[in-house]
Amino acid sequence: FLVKLGTAGAITALAFLLRMGLDPWLGNHLPYALAIAAVGVCVWLTGWQGAVASALSSYLICHYFFSAPRHQFRWTESHEIAEVAVYAMSCLSI
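None of these values were measured; they are calculated from a predicted model.

Draft legend 1. Quick look at a nonpolar patch on the surface. A cluster of nonpolar side chains, namely Val41, Val43, Trp44, Leu45 and Ile94, defines an oily patch on the protein surface of about 500 Å² accessible area. By the element assignment, valine 43 lies in helix α2 (residues 33–46).

Draft legend 2. How the structure looks around the environment of threonine 76. With respect to the helices, strands and loops of the structure, threonine 76 is situated in the loop between α3 (48–66) and α4 (78–93). For the pair threonine 76 and isoleucine 61, spaced 15 residues apart in sequence, the C-alpha separation works out to 18 Å.

Draft legend 3. Looking closely at the packing of α3 against α4. As a packed pair, α3 and α4 sit with axes 11 Å apart at the nearest point and diverge in direction by 150 degrees. With respect to each other, α3 and α4 are oriented roughly antiparallel. The chirality of how α3 crosses α4 is right-handed. Where α3 approaches α4, its residues Ser54, Ala55, Ser58, Tyr59 and His63 are matched on the opposing element by Glu83, Val84, Tyr87 and Cys91. Among the residues making up the contact of α3 with α4, the classes are represented as five nonpolar, three polar and one charged.

Draft legend 4. Molecular detail of the environment of alanine 88. Relative to the elements of secondary structure, alanine 88 occurs in helix α4. By relative accessible area, which is 33% here, alanine 88 ends up partly exposed. Between the alpha carbons of alanine 88 and tyrosine 59 there is a distance of 9.0 Å; along the sequence they are 29 residues apart.

Rules and cut-offs
Residues numbered from 1 in each chain as written. Predicted model: local features only at pLDDT ≥ 70, side-chain atom pairs only at ≥ 80, totals over all residues. Heavy atoms only, no water. Patch = residues over 30% accessible without salt bridge, like charges linked within 9 Å, V, L, I, M, F, W, Y side chains within 5 Å. Areas by Shrake-Rupley, 256 points an atom, 1.4 Å probe, with all protein chains shown as cover. Salt bridge = Lys/Arg side-chain N within 4 Å of Asp/Glu carboxyl O. Helix = DSSP H or I, 4+ residues; strand = E, 2+ residues; numbered from the N terminus. Axes fitted to C-alpha atoms, helices over the stretch in contact; angles between N-to-C directions. Parallel < 35°, antiparallel > 145°, perpendicular 65-115°, else oblique. Left-handed = near helix turned anticlockwise from the far one by under 90°. Contact = heavy atoms within 4.5 Å. Nonpolar A, V, L, I, M, F, W, Y, C, P; charged D, E, K, R; others polar. Buried < 20%, exposed > 50% of the residue type's maximum accessible area, 1.4 Å probe, protein only.

Put into structure tokens, the structure is as follows:
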């Protein structure tokens, strides 16, 4: 179980670093694209436990670092609530 979580953590960290590298070009656009890809890779390599851990941690990391307004946890606007719903539906469909 710990190996699966460690693998999921490494995949999630890699997706974060890739998104951070693309940040000068993407800006606030597509904050969760690589996070969804990381969840897909995690479910393939680690099963549902690793994918759930990746989905939750990826969402929090991407929301904090890449979603406007940056460096805040805020879910008061309707588009922010819609982001949560779309991300959750995307991860569940994987």
